[in-house]
Amino acid sequence: MEKNAPAESRLAYFILPLLALAAAIGLWQLAVSAFALPHYVLPSPKLVLDTLIADRALLANSLLVTLKTTALALIIATIAGVLLAILLASSRFAEYTLFPFAVILQVTPLIAIAPILLIYLEPNTAVLVCACIVAFFPVLSNTVLGLTSIDRNLSDLFTLYGANSLKTLLWLRIPSALPYFLGGLRIAGGLALIGAVAAEIAAGVAGRGSGLAYRIVESSYRLNVPRMFAALLLISLAGIAIFALLNVLQYLVLRRWHESTLRADQ
Amino acid sequence: MPAAAPSLSRQNSPLAAFHDVGKRFPNGVTALEDLNLTIRAGEFLSLLGPSGCGKSTALRLLAGLTSPSSGNIEWNDRSAAREIGFVFQEPTLMPWASVENNVRLPLRLKGMSGRAADLRIDEALALVGLSEFRNAYPRELSGGMRMRVSIARALVTQPKLLLMDEPFASLDEISRFRLNDDLRMLWNRLGCTIVFVTHSVFESVYLSSRILMFTPRPGKIAAEFEIVAPEPREGNFRTSPEYGAKCREVSAALASVMGER
Ligand SMILES: Nc1ncnc2c1ncn2[C@@H]1O[C@H](COP(=O)(O)OP(=O)(O)OP(=O)(O)O)[C@@H](O)[C@H]1O
Ligand SMILES: [Mg+2]
């Protein structure tokens, strides 16, 4: 086994993206000072950072609201998605009656649903519901696919030993579905954030709300462009954090047995 | 596992019989037609035939995984119908479970746990020589080792009847010869009945006490061969003139069966 090559490539794996990112930010800063761009056109990275620090109380509060909404939406969507998936996978009748609703919810653009929900629901609840709706579908469809993608021979084996449907569900279908479910969860995590942000913008236009996206809308009314960028930065960071967290979760769950977690040198 | 039951003492009473069994699939394919065959208690029976002639279908019928569209399967020993081990062409292990838990599956499904189950698992793993790998996961094993886990899983319930569907087809020749020897040894020791599907003439002659040759689809019995050789058959049977002669005889029969169509 070569020792140096993997270490080198691992270093490159971490260093290269960081370098590229640093270069982009440097270029941005340079462009702002070179062309003397006013901050209401394009704030410099330095100013965005300063705003982030100056408005930290306000922004942290908004970040917390957005994160809470996203997390709660993801949890609700996961529970609902998995339960419905089990129902759909175990009964043709349920599949034919319920799946159309799930598809309709999925294909209707969220941004069009949000204002309607805002009529009936409190802004916070409406935002939560929107985030749930978008996060729900990938969990549902991936889990259904997983629950029904069963190795035929393994399923025969369960039949041969007289397994009832509960045992088959617990010991065969659910473990088989796990990688599919986790893949769906990763997509859902990103979508929950997008859903929360989109719905908050709708709520923000209506002048109500408190999350990060609402801050963006509010700052745009006040032409506070640096704060818009600061809030945007936090949303991106939140997205990255969610993605990383779900990746780690997937790795931890599948690391012992799934092919996807095999490294090249293993 | 039960104590050694030497093959000498095996009677040839029938265990199960197919009577005019036919199998037609919903898509119109007739896999089997008027199939008559008897499985004798304690024998090592090979089902030999060209691809697609219905060997797997016959095995699945025997295991009760599908039912005949005509005719019936008669069991002399009803209990044997419920004590079946099945080895598929692929190892078919649960990738999320360790070797030990894969082997434990049939016992769990039959509601057996505790000390007794642990003992059975120890025995089954020892029989296939995988005791040290009980905590490994399938992806960490070689193809031959996975196949042996699959065999251990089939043996752990101490079945009266072991059904094997081309279990070694995807293995290299060296592993296949080794597993052939291991399987012969197991059969000699355990005294169970084995029905073994293969399309290798050489494998079937080496392993079996009897070979049933199928015609191309729809499958029927075209010929039957008894293989009498001193037990235990060790590696030297493979190089003996009797083995060569038998292989030639079976190959010739296979060629004429294929030529008839
Ligand atoms: N579930 C099924 N539905 C429809 N046709 C099937 C099904 N299973 C098998 N067949 C057909 O029945 C025939 C016999 O299949 P079978 O798998 O028993 O053959 P086989 O003798 O085991 O072949 P091989 O040696 O290639 O495994 C084939 O023509 C196959 O296409
Ligand atoms: Mg087959």
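Structure: above.
Let me sum up the structure you'll find in this document. (Residues numbered from 1 in each chain as written. Chains lettered and ligands numbered in written order. Predicted model: local features only at pLDDT ≥ 70, side-chain atom pairs only at ≥ 80, totals over all residues. Heavy atoms only, no water.)

1. Remarks on the overall build of chain B
Stated formally: Labels follow the DSSP assignment, with helices taken as runs of H or I lasting at least four residues and strands as runs of E lasting at least two, numbered in each case from the N terminus. Radius of gyration: over C-alpha atoms. The globule rule applied is 2.2 Å multiplied by the number of residues raised to the 0.38 power. Relative accessibility decides the category of a residue: with a 1.4 Å probe and only protein chains considered, values under 20% of the type maximum give buried, values over 50% give exposed, and everything between is partly exposed. We call two residues contacting when some pair of their heavy atoms lies within 4.5 Å. Under the convention used here, a 1.4 Å probe and the Shrake-Rupley method define accessible areas, while residue burial counts only the protein chains that appear. As used throughout, the charge tally considers Lys and Arg to be positive and Asp and Glu to be negative, leaving His and the chain termini uncounted. For this purpose, a charge sits on NZ of Lys, CZ of Arg, CG of Asp or CD of Glu.
When you go through chain B residue by residue, the secondary structure sums to eight helices and nine strands. Computed over C-alpha atoms, the radius of gyration of chain B comes to 18 Å, within 12% of the 18 Å expected from 2.2 N^0.38 for 261 residues, which places it in the range of a compact globule. Dimensions of chain B, computed from the C-alpha atoms along their principal axes, are close to 55 × 45 × 35 Å. Residues classed as buried in chain B amount to 57% of the 261 residues present. In chain B, the proportion of contacts linking residues at least 24 apart, taken out of those at least 6 apart, comes to 73%. Roughly 11200 Å² of accessible area belongs to chain B as shown, and the carbon and sulfur atoms make up 51% of that amount. Side chains of chain B carry 31 positive and 28 negative charges; the gap between the two charge centres is 4 Å.

2. Some details on the side chain of A:Glu200
Residue and element names in this part refer to chain A. Worth spelling out the cut-off: Salt bridge, as used here: a side-chain nitrogen of Lys or Arg that lies within 4 Å of a carboxyl oxygen of Asp or Glu.
Along the chain, Glu200 falls in helix H8 (residues 165–205). The side chain of Glu200 sits in the buried core without any salt bridge; Arg215 is the nearest counter-charge, 8.4 Å away. In this structure, Glu200 is in contact with Val65, Thr66, Val127, Gly211, Leu212, Ala213 and Tyr214, ignoring residues within four places of it in sequence.

3. Some remarks on the sheet that holds strand E3 (residues 44–48) of chain B
Residue and element names in this part refer to chain B. Quick reminder of the rule: A pair of strands is labelled paired if DSSP reports no fewer than 2 bridges between them. Only the stretch in contact is used when fitting a helix axis, every axis being a line fitted to C-alpha atoms; angles between N-to-C directions are given from 0 to 180 degrees.
Spatial strand order, E5-E6-E7-E3-E8-E9: six strands in an open sheet with mixed pairing. Edge positions in the sheet fall to strand E5 (84–87) and strand E9 (221–226), since each has one partner strand and no second. Each adjacent strand pair in this sheet contributes to an overall mean axis angle of 15 degrees, direction not counted. Where strand E8 (residues 210–214) lies against E9, five bridges are found, and the strand directions are antiparallel. Residue Ile211 lies in a different strand from E9, and its bridge partner there is Phe225.

4. Points about the environment of A:Arg215
Residues and elements named next belong to chain A. Rules: Under this definition, polar contacts are N or O atom pairs within 3.5 Å; protein pairs additionally need one hydrogen-donor-capable and one acceptor-capable atom, and for neighbouring residues in sequence, both atoms have to be side-chain atoms.
Note on placement: Arg215 falls in helix H9 (residues 212–221). Using a relative accessible area of 10% as the deciding quantity, one classes Arg215 as buried. Taking the C-alpha atoms as reference points, Arg215 and Ala231, separated by 16 residues in sequence, lie 6.9 Å from one another. Discounting chain neighbours no more than four positions away, the residues touching Arg215 are Leu58, Leu59, Ser62, Ser210 and Ala231. Only 2.9 Å separates the side chain of Arg215 from the side chain of Ser62, close enough to count as a polar contact. Side-chain polar atoms of Arg215 contact the side chain of Glu218, separated by 3.0 Å.

5. Considering the packing of aromatic side chains
The description of two aromatic rings rests on the distance between their centres and on the angle between their planes. Keep this limit in mind: Working definition: a ring pair exists when centres of Phe, Tyr or Trp rings (six-membered ring for Trp) sit within 6.5 Å. Plane angles under 30 degrees give stacked, over 60 give edge-to-face, the rest tilted. Geometrically, a lysine NZ or arginine CZ counts as sitting over a ring once it is within 6 Å of the ring centre and also within 35 degrees of the ring normal.
Counted by the stated rule, this structure contains 11 aromatic pairs over all chains. Ring plane angle 85 degrees and centroid distance 5.5 Å describe the contact between A:Tyr13 and A:Phe14, whose orientation is recorded as edge-to-face. Of the two residues, A:Tyr13 and A:Phe14, neither departs from the other in class, the shared state being exposed. Through pairs of rings, three or more aromatic residues link up here, namely B:Phe44, B:Phe168, B:Trp187 and B:Phe196. The ring of A:Trp171 is capped by B:Arg108, whose NZ or CZ atom sits 3.9 Å from the centre of that ring. Of note, B:Arg238 hangs over the ring of B:Phe177, and the distance from its end group to the ring centre comes to 3.6 Å.

6. As for the packing of H8(A) against helix H10 (residues 225–254) of chain A
The description of two helices packed together rests on the angle between their axes and the distance between the axes. Residue and element names in this part refer to chain A. Where we set the bar: Each angle is binned into one of four classes, with values under 35 degrees roughly parallel, values over 145 roughly antiparallel, values of 65 to 115 roughly perpendicular, and all other values oblique. Each helix crossing is assigned a hand: it is left-handed if the near helix lies turned anticlockwise from the far helix by less than a right angle, otherwise right-handed if that turn is clockwise. When residues are sorted by character, Ala, Val, Leu, Ile, Met, Phe, Trp, Tyr, Cys and Pro go into the nonpolar class, Asp, Glu, Lys and Arg into the charged class, and all the rest, Gly among them, into the polar class.
Look at H8 against H10: their axes get within 10 Å of each other, and the N-to-C directions meet at 170 degrees. Classified by the angle between their axes, H8 and H10 sit roughly antiparallel to one another. The hand of the H8/H10 crossing is right-handed. Between H8, through Leu178, Pro179, Leu182, Gly183, Leu185, Arg186, Gly189, Leu193 and Val197, and H10, the contact on the second element is made entirely by Ile235, Ala238, Gly239, Ile242, Leu246, Asn247, Leu249, Gln250, Val253 and Leu254. Here the residues of the contact of H8 with H10 are counted per class, giving 13 nonpolar, five polar and one charged.

7. Description of the nonpolar core
We count it as follows: To qualify as a nonpolar core, a set must consist of buried Ala, Val, Leu, Ile, Met, Phe, Trp, Tyr and Cys residues joined through side-chain atoms within 4.5 Å.
In terms of nonpolar packing, the biggest core is built from 83 residues, with B:Phe18, B:Leu62, B:Leu163 and B:Val195 touching the most fellow members. Per element, the largest residue contribution to this core is 10 residues, and it comes from H8(A). Once residues lying within four places of it in the same chain are set aside, the contact partners of B:Leu163 are B:Leu59, B:Leu62, B:Ala63, B:Ile84, B:Gly85, B:Phe86, B:Val87 and B:Val195.

8. A word on the state of the cysteines
Here is the rule: Criterion for a disulfide: a pair of cysteine sulfur atoms within 2.5 Å.
This structure, assessed with the given rule, holds zero disulfides over all chains. Lacking any disulfide linkage, A:Cys130 is separated from the closest cysteine sulfur, that of A:Cys132, by 9.3 Å. Sulfur of B:Cys247: no disulfide; nearest cysteine sulfur belongs to B:Cys53 and is 19 Å away.

9. Concerning the interface of chain B and chain A
Applicable threshold: A 1.4 Å probe defines the accessible area here, and the buried area is the portion of it lost by two parts on being joined, summed over both.
Each partner contributes to the interface: chain B provides 25 residues, whereas chain A provides 24 residues. Overall, the association of chain B and chain A removes approximately 2300 Å² of surface from exposure, summing both partners, and the carbon and sulfur fraction of that is 63%. If you sort the residues of chain B by the area they bury against chain A, B:Trp96, B:Leu109 and B:Arg139 come out on top, with a joint share of 38%. Taken together, the links from chain B to chain A amount to two salt bridges. Of the charged contacts, one joins B:Glu140 and A:Arg256 as a salt bridge, the two residues approaching to 3.6 Å between their closest N and O atoms. Linking chain B with chain A are five residue pairs in polar contact (both at pLDDT 80 or more), by the criterion used here.

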